[in-house]
Number of protein chains: 2
Amino acid sequence: MNIVLLSGGSGKRLWPLSNDIRSKQFIKIFKTETGSYESMVQRVYRQIKKTDSDAKITIATSKTQVSSIHNQLGEGVGISVEPCRRDTFPAIALATAYLHDVQGVSEEESVVVCPVDPYVEEDYFRALKALAEQADKGEANLVLMGIAPTYPSEKYGYIIPKSTEPVSDVATFKEKPDEETAKQYIAQGALWNGGVFAYKLKYVLNKAHELIDFTDYEDLFSKYDTLTKISFDYAVVEKESKIQVMRFAGQWKDLGTWNTLTEAMSDNAIGEAIMNDTCTGVNIINELNVPILAMGLHDVVISASPEGILVSDKEQSSYIKPYVDKIDQQIMFAEKSWGSFRVLDVEEKSLTIKVTLNEGHSMNYHSHKNRDEVWVVISGKGKTVVDGMEQEIAVGDVVTMQAGCRHTVFAETELQLIEVQLGEEINVYDKQKFPLE
Amino acid sequence: MNIVLLSGGSGKRLWPLSNDIRSKQFIKIFKTETGSYESMVQRVYRQIKKTDSDAKITIATSKTQVSSIHNQLGEGVGISVEPCRRDTFPAIALATAYLHDVQGVSEEESVVVCPVDPYVEEDYFRALKALAEQADKGEANLVLMGIAPTYPSEKYGYIIPKSTEPVSDVATFKEKPDEETAKQYIAQGALWNGGVFAYKLKYVLNKAHELIDFTDYEDLFSKYDTLTKISFDYAVVEKESKIQVMRFAGQWKDLGTWNTLTEAMSDNAIGEAIMNDTCTGVNIINELNVPILAMGLHDVVISASPEGILVSDKEQSSYIKPYVDKIDQQIMFAEKSWGSFRVLDVEEKSLTIKVTLNEGHSMNYHSHKNRDEVWVVISGKGKTVVDGMEQEIAVGDVVTMQAGCRHTVFAETELQLIEVQLGEEINVYDKQKFPLE
């Protein structure tokens, strides 16, 4: 099975765990059988591999997520990187061209596209496989998954099928309705449109060539920023007459708010948390290294990360966005392809961070115009290159780097550094990369 | 006026702002006229000085609070340091001997003793002065303040006066009653015993000599750990027949729990905090550098410090102690006589802290057996002494110190350091102090 996972934007509805550079799908919140926690991306990836160990998985996403994906899934996963955000049609066209030109998938093979973030079980992935097999048959150009509604939701578009058969032609599509209208749709046998569908590769490749002037993947990639923003639904789905829907009645949850996310938590608390026995319906997700004590609360979610603390009535948590939009908090932690960092201290003319490099990884070779830096190795070993000079480093070693000096560090084992940045103007844009000499 | 302020123990009821080394009276929570915040100690000290600029103030407290007191009140304040905790009679005896032998207060002068942590206004301090003047008259050996009850409290002992005059002989004392009994006491004209009283210095000094075998302050100090724990009420007050009570009807609040403390807050929030408009009765005290967002909460207190986060229904917050007792969190910040420190990062074999030295101050000259240290100066200037070698330091300078090496730093201006501690066994006990060569 060829599967394209659409990994969407930043999303602040799960603040303080999601932020401008960490989307909700990277939050490690789901308990695995071994007792550790995995993110939505890791969960979906593991589930696909379990259902179809040969599945060719491509993640269509923006540049900002590439580090997190490599960090959470390893280097092996295929990534179709969108140079900028241009909505779902360009993104799916680019991923399709990537499958064809980079991964060598033939035009006759089927491709399944689905969002990376639904909370689903294995039956969902068997349904994806069935979707691909239905597309293989060539009875229709597009085969959509239609999710059996569990309530008259106002959040989803609806698909009206022509029949009640498991696979049916589509009669029509309906925009997000109000609750009353949703009830009427459901009475007619309508299904939710979860943005999941399958097609033969050549179908979308031809559509792309019809609508965009490009030669191949590389060409499309290079002119991506000139493309018009347009959704796949609008550009393709709603205009297609040879289109089927396949019914899916298993679990399918959209965990986009704290209220829905906490419903999927198997533990009431993740991280250091204490609740007294007068608490009911309380969930705590604590990424800090200090305890949270909750007393006498009801139906409240508490979430703490290095970027902030949310304490919200669960119902109210759906209305978080405008408040979070106003918060102008600098990024306090981030996953990178080489490891991660966390801000420890912010002063006017200094910034102290903790850097963790994964074994075998290194930073880019780079310099800064306006700041000096000091590294103190606190665990592991490796080597630094500073202005071309290589040096072994181990615990306790100190490396001082003046502004302008080129530097990198390579981790032989997992390596942790305290990095002190010093200067009048400290910001993330002050970085020049160089090839290693 | 000679006034002894009893500054009590650690108290965990205001966790996470109070901890083993920071008592509630040092939390800066009260807004001043200039918009900054002051602690209970600072508030009381300022109020006394305003009422009586010549007041001789002595703070009776344990060793652990000396740094905080100097940090918050300056070096000028008198401190009677209890070498260990021995309840109120030995503490008051020691403070009285300190006033006589160290401060040179005559035996005929009156002394007022009161706890450091009631939330009061200026009329209270005028009442303290009146209490001292009443003691000066010598009509009684002890003059107590009797606080006019505002409700039938079960938390306080009661004083039953013989008459309803402003100053009356004491008929009897009553232990903390239940609510019904309290109502009966109040109907009889009973007053709360807030532990505030005045006496002529010689009275308590003589009592001390009766009960303890000692020569002078130094001798008493040196044998303090051998003394029996006994309260002043039990050892003196309840046995005294020449005893008066002076009525006080002004504001007197005991801010010992989050519930009562938040009532005295003039702002709903201190520190970075956002509340949506569905919040009612919410107080936020945030000592972290990241925002707290509260949504849809009612009658809840949220408090965050480097040591933890409390989210509690206000009523429930009175029951915090057993939960906090179970938390085994290392000290994450502390005030020292020379400034303050904050723990930034804890790893198995390293500890990274931020040290702030106040202008003109320095640490002890000291060494560690089991850890190396690295200092990176992030602001200010000063000089270090390392194994006898003096060196000027400024922003960006790095000082490395091997285990065993003697070191200190002197701050010419306010000076901030990032200190990285490295070793197999890092703990606060690994410290040897030396005189500076």
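Each remark here, short or long, concerns the structure printed above.
Below is a short write-up of the structure.

Procedures and definitions
Residues numbered from 1 in each chain as written. Chains lettered and ligands numbered in written order. Predicted model: local features only at pLDDT ≥ 70, side-chain atom pairs only at ≥ 80, totals over all residues. Heavy atoms only, no water. Contact = heavy atoms within 4.5 Å. Buried area = accessible area lost by both parts, 1.4 Å probe. Salt bridge = Lys/Arg side-chain N within 4 Å of Asp/Glu carboxyl O. Polar contact = N/O pair within 3.5 Å; in protein donor to acceptor, adjacent residues only side chain to side chain. Helix = DSSP H or I, 4+ residues; strand = E, 2+ residues; numbered from the N terminus. Nonpolar A, V, L, I, M, F, W, Y, C, P; charged D, E, K, R; others polar. Phe/Tyr/Trp six-rings, centres within 6.5 Å; stacked < 30°, edge-to-face > 60°. Buried < 20%, exposed > 50% of the residue type's maximum accessible area, 1.4 Å probe, protein only. Lys NZ or Arg CZ within 6 Å of the ring centre and 35° of its normal. Least-squares fit on C-alpha atoms with pLDDT ≥ 70 in both. Axes fitted to C-alpha atoms, helices over the stretch in contact; angles between N-to-C directions. Parallel < 35°, antiparallel > 145°, perpendicular 65-115°, else oblique. Left-handed = near helix turned anticlockwise from the far one by under 90°. Pairing = 2+ DSSP bridges.

Here the focus is the interface of chain A and chain B. Interfaces are often sized by the amount of accessible area the parts lose when they come together. Counting residues at the interface gives 53 residues for chain A, matched by 53 residues for chain B. Interface area, chain A with chain B, both sides summed: about 3,900 Å², of which 70% is carbon and sulfur. Area buried by chain A at its contact with chain B is led by A:Leu293, A:Met295 and A:Ile309, which between them contribute 17% of it. The salt bridge involving B:Lys354 is made with A:Asp345; its shortest N-O contact spans 2.8 Å. For the pair chain A and chain B, the number of links is 20 residue pairs in polar contact (both at pLDDT 80 or more). In terms of residues, the side of chain A that touches chain B owes the most to one element, strand E19 (residues 308-313) of chain A, which gives six residues. The residue makeup of the side of chain A that touches chain B, split by class, is 33 nonpolar, 13 polar and seven charged.

So, about the packing of aromatic side chains. Inspection of the entire model under this criterion finds 26 aromatic pairs over all chains. Plain terms: the ring middles of B:Tyr98 and B:Tyr217 are 5.6 Å apart, the flat faces sit at 65° to each other, and that makes the pair edge-to-face. Linking B:Tyr98 in helix H3 (residues 88-101) with B:Tyr217 in helix H7 (residues 217-222), this pair joins segments that are 119 residues apart in sequence. Residue class for B:Tyr98 comes out buried when judged on its relative accessible area of 9%. Classification of B:Tyr217 by relative accessible area gives buried; the value is 12%. In this structure an aromatic cluster arises from ring pairing among A:Phe89, A:Phe197, A:Tyr199 and A:Phe232. The lysine or arginine in question, A:Lys239, covers the ring of A:Tyr234, its NZ or CZ lying 4.6 Å from the ring centre. The residue whose ring lies beneath A:Arg406 is A:Phe434, and the NZ or CZ to ring-centre distance is 3.6 Å.

Residue and element names in this part refer to chain A. Within the fold, Thr356 resides in strand E22 (residues 350-357). Accessibility expressed as a relative area gives 13% for Thr356, which makes it buried. Polar side-chain contacts of Thr356 include one of 3.3 Å to the side chain of Gln416. With residues up to four places along the chain from it excluded, the contact list for Thr356 reads Trp338, Gly339, Ser340, Glu414, Leu415 and Gln416.

A few words on the relation of the copies chain A and chain B. Mapping between the two copies of the chain is achieved by a rotation about an axis and a shift along the axis. Superposing chain A onto chain B takes a rotation of 180° plus a shift of 0.0 Å along the axis, which leaves an RMSD of 0.1 Å. Here the transformation between the copies is reduced to the relation of a two-fold axis. In terms of proximity to the rotation axis, the leading residue of chain A is A:Leu344, whose C-alpha is 2.8 Å off the axis. A share of 100% of interface residues in chain A that are also interface residues in chain B marks the association as one of identical surfaces.

Following the criterion strictly, the structure yields 41 salt bridges over all chains and no others. Across the salt bridge formed by B:Lys200 and B:Glu108, the nearest N and O atoms sit 3.9 Å from each other. Note that B:Lys200 is positioned in strand E11 (residues 191-200) and B:Glu108 in the loop between H3 and strand E6 (110-115), a separation of 92 residues in sequence. Overall, B:Glu108 belongs to the partly exposed group, its relative accessible area being 43%. Three or more residues joined by partner-sharing salt bridges are found here, namely A:Lys24, A:Asp117, A:Lys155 and A:Asp254.

This part is about the packing of helix H3 (residues 88-101) of chain A against helix H6 (residues 201-211) of chain A. Residues and elements named next belong to chain A. One can describe the packing of H3 onto H6 by two numbers: an axis separation of 9 Å at closest approach and a directional angle of 125°. The orientation of H3 relative to H6 falls into the category oblique. As H3 packs across H6, the resulting crossing turns out to be left-handed. Every residue of H6 that contacts H3 at Phe89, Ile92, Ala93, Thr96, Ala97, Leu99 and His100 is listed here: Leu201, Val204, Leu205, Lys207, Ala208 and Leu211. Taken together, the residues of the contact of H3 with H6 sort by class into 10 nonpolar, two polar and one charged.

It is worth spelling out the sheet that holds strand E21 (residues 339-347) of chain A at this point. All names here are of chain A. Here six strands make up an open sheet; going across it, the order is E20-E21-E22-E29-E24-E27 and the pairing antiparallel. Each edge of the open sheet is held by one strand with a lone partner, namely strand E20 (333-336) and strand E27 (398-401). Averaged over neighbouring strand pairs, the angle between their axes works out to 20° when direction is ignored. As defined by bridge partners, E22 adjoins strand E29 (residues 415-422) across eight bridges and the pair is classed as antiparallel. When the sheet's bridge partners are listed, Ile353 is paired in E29 with Glu419. Taken strand by strand, helix H2 (residues 66-73) contacts E20 and E21, and its axis lies near 70° from that of E20.

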